[in-house]
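Observations on the model geometry
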Amino acid sequence: MSKVEAVIIEGAGGPEVLSLGTLELAEPGPGEVRVEVAAAGLNRADLLQRMGLYPAPPGVPPQVPGLELAGAIVALGEGVEGWSVGERVMALTAGGAMAREANVPAGQLLPWPEGLPAAEAAAIPEAFLTAFDALILQGALRAGETLYLNALGSGVGTAAVQLASRAGATVLASSRSPEKIEAARPLGLAAGRAPGEGLAAWVRERTGGRGAEVVLDLVGASQLSETQRCLAPRGRWLLVGLLGGARAELDLGRLLAARITLTGTVLRSRPGEEKAALVQAFAAQALPGFAEGRLRPVLAGTLPMERVGEAHARLAGGGIFGKLVLTW
């Protein structure tokens, strides 16, 4: 065991329950690596964990948040192959990323793209893997199709616009902020507008009356009916987030008649082997996009780790475009 500095959740509550403290960290186990963390991305799951609404899964420090990081390998556990001490990596974690050091399953590591600063590298794993898994692996988004997504300004939203555009799809999106819509155009957004009345008609007008073949839904309940009407017959509806709540009425008749596929998906609680398979697919199919300059994380801001409470408050307040990242 060794002691490392970490963000500690002292109890369920607001940002005031966050502080810097000490974590007792075990040596990396079989198949794990120890990473010295340079930066860690902030996600809404961290806010929910701080509030006591989303406990960490077994095997990770329950009081230390953080689902993604960038840093350098400092130790290898038994049986780890293909990685070496000193190598710069990004990683997807189930928690514990907001510490000076973290143990990570080797299968959840990605090479840190050349030329990216630590804050940008740390903003990649959770947002881009979530969007890639939903759109490309589960949604089977293809060139020539149309994607509609809501919550455009989120980390997953900004990643999804880029991944879909790179795949040859037309991207339509909604946001209450005209500034976010304009900011997303260089990422590959074809058109955007505010959610609400007339949204589905707007999507159909933009698609020759068909609707969108794929919908990436990050909002859920509050926009459920309008989101459903945006779909083309035999459309694929990927439910990834619940920013607008978890309960609403669904028109099952429309779902049946249009032969729509509705898929709910979450990343954090998946078994390690599933995460490793996703990481491998992303590394092969999407990671080259960062070297090509066609993919790049969007940062809303970078703060030192001691200002983690401020970062939580900013994310909870909304209005940001892209991701907040905390650095050591």
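The sections below set out a description of the structure shown in this document.

The rules we used
- Residue positions within a chain follow its written sequence, with the count starting from 1.
- Confidence filtering applies because this is a predicted model: local features only for residues at pLDDT of at least 70, side-chain atom pairs given and counted only at 80 or more, and all residues used for totals across whole chains, interfaces and linings.
- Computation of side-chain values: all heavy atoms of the structure, hydrogens and water removed.
- Secondary structure elements follow DSSP: runs of H or I no shorter than four residues count as helices, runs of E no shorter than two count as strands, and numbering proceeds from the N terminus.
- Each radius of gyration is computed over the set of C-alpha atoms, and the globule rule expresses the reference value as 2.2 Å times the number of residues to the power 0.38.
- By definition, residues are in contact when any of their heavy atoms lie within 4.5 Å.
- For the charge count, each Lys or Arg is scored as positive and each Asp or Glu as negative, with His and the chain ends excluded.
- Each charge is placed at NZ for Lys, CZ for Arg, CG for Asp and CD for Glu.
- The set of buried Ala, Val, Leu, Ile, Met, Phe, Trp, Tyr and Cys residues whose side-chain atoms join them within 4.5 Å is what this entry labels a nonpolar core.
- A simple rule labels every residue: compare its accessible area, found with a 1.4 Å probe on the protein chains alone, to the largest value its type can have, and call it buried under 20%, exposed over 50%, or partly exposed in between.
- Axis definition: a line fitted to C-alpha atoms, over the contacting stretch in the case of helices. Angles run 0 to 180 degrees between N-to-C directions.
- Relative orientations are named as follows: roughly parallel for angles under 35 degrees, roughly antiparallel for angles over 145 degrees, roughly perpendicular for angles from 65 to 115 degrees, and oblique for any other angle.
- Gly falls in the polar group here, along with every residue not listed as nonpolar (Ala, Val, Leu, Ile, Met, Phe, Trp, Tyr, Cys, Pro) or charged (Asp, Glu, Lys, Arg).
- When DSSP locates at least two bridges between a pair of strands, those strands are taken to pair.
- What makes a patch is a set of residues exposed beyond 30% relative accessible area and free of salt bridges, joined within 9 Å when like-charged and within 5 Å when nonpolar (Val, Leu, Ile, Met, Phe, Trp, Tyr).
- Accessibility throughout is a Shrake-Rupley quantity obtained with a 1.4 Å probe, and a residue counts as covered only by protein chains that appear here.
- Here a salt bridge means any side-chain nitrogen of Lys or Arg lying within 4 Å of a carboxyl oxygen belonging to Asp or Glu.
- Between N or O atoms, a polar contact is any pair within 3.5 Å; within protein, one atom must be a potential hydrogen donor and the other a potential acceptor, and residues adjacent in sequence are included only when both atoms are from side chains.

Right, let's get into the overall build of the protein chain. If you tally the helices and strands in the protein chain, you get 11 helices and 15 strands. Taking 328 residues into account, the globule formula puts the C-alpha radius of gyration at 20 Å, and the protein chain, at 20 Å, falls close to it. C-alpha atoms of the protein chain, sized along the principal axes, occupy 60 × 40 × 35 Å. Pairs at least 24 residues apart make up 68% of the contacts formed inside the protein chain by residues separated by at least 6 positions. Taking the 29 positively charged and 32 negatively charged side chains of the protein chain as two groups, their mean positions are separated by 9 Å.

Counting residues in hydrophobic clusters, the biggest one holds 54 residues, and the most contacted among them are Leu 147, Leu 149, Leu 216 and Phe 282. At seven residues, helix 3 (residues 125–138) tops the list of elements feeding residues into this core. When neighbours within four sequence positions are excluded, Phe 282 is seen to be in contact with Leu 110, Ile 124, Phe 128, Leu 129, Phe 132, Leu 287 and Phe 290. By size, the runner-up hydrophobic cluster in this structure holds 30 residues, among which are Leu 47, Ala 311, Leu 315 and Ile 320.

Right, let's get into the side chain of Gln 49. Position of Gln 49 among the secondary structure elements: in helix 1 (residues 44–50). The exposure class of Gln 49 is buried, given its relative accessible area of 7%. Here Gln 49 is in contact with Ile 9, Tyr 54, Ala 56, Pro 62, Val 64, Pro 65 and Arg 268, once residues within four sequence places are set aside.

Here we come to the packing of helix 3 against helix 9 (residues 272–285). One way to put it is that helix 3 packs onto helix 9 with a least axis distance of 10 Å and a crossing angle of 85°. As judged from the angle between their axes, helix 3 and helix 9 are roughly perpendicular. On the side of helix 3, the interface is formed by Phe 128, Leu 129, Phe 132, Asp 133, Ile 136 and Leu 137, while helix 9 contributes Leu 278, Val 279, Ala 281, Phe 282 and Gln 285. Residue composition of the contact of helix 3 with helix 9, grouped by class: nine nonpolar, one polar and one charged.

The buried count for strand 3 (residues 32–41) comes to seven of 10 residues, which makes it a mostly enclosed element. Relative to strand 6 (residues 101–105), strand 3 is paired through five bridges, and the arrangement is antiparallel. In the strand pairing of strand 6, Val 33 is matched with Val 104. With seven bridges joining them, strand 3 and strand 4 (residues 68–76) adopt antiparallel strand pairing. What sits directly across from Glu 36, in strand 4, is Ala 72. Pairing geometry for strand 3 and strand 15 (residues 323–327), over three bridges, is antiparallel. Bridged to Ala 39 within strand 15 is Thr 327.

Further remarks concern a nonpolar patch on the surface. Residues Leu 48, Met 51 and Leu 53 make up a contiguous nonpolar surface patch of about 270 Å² in total accessible area. The topology assignment puts Met 51 in the loop between helix 1 and strand 4.

Its place among the elements puts Asn 150 in the loop between strand 8 (146–149) and helix 4 (155–166). A polar contact of 3.5 Å, which involves the side chain of Asn 150, links it to the backbone nitrogen of Val 219. Apart from the residues within four sequence positions on either side, Asn 150 is in contact with Ser 174, Leu 216, Asp 217, Leu 218, Val 219, Gln 223 and Thr 227.

Bear in mind that shape data such as this cannot, by itself, settle questions of function.
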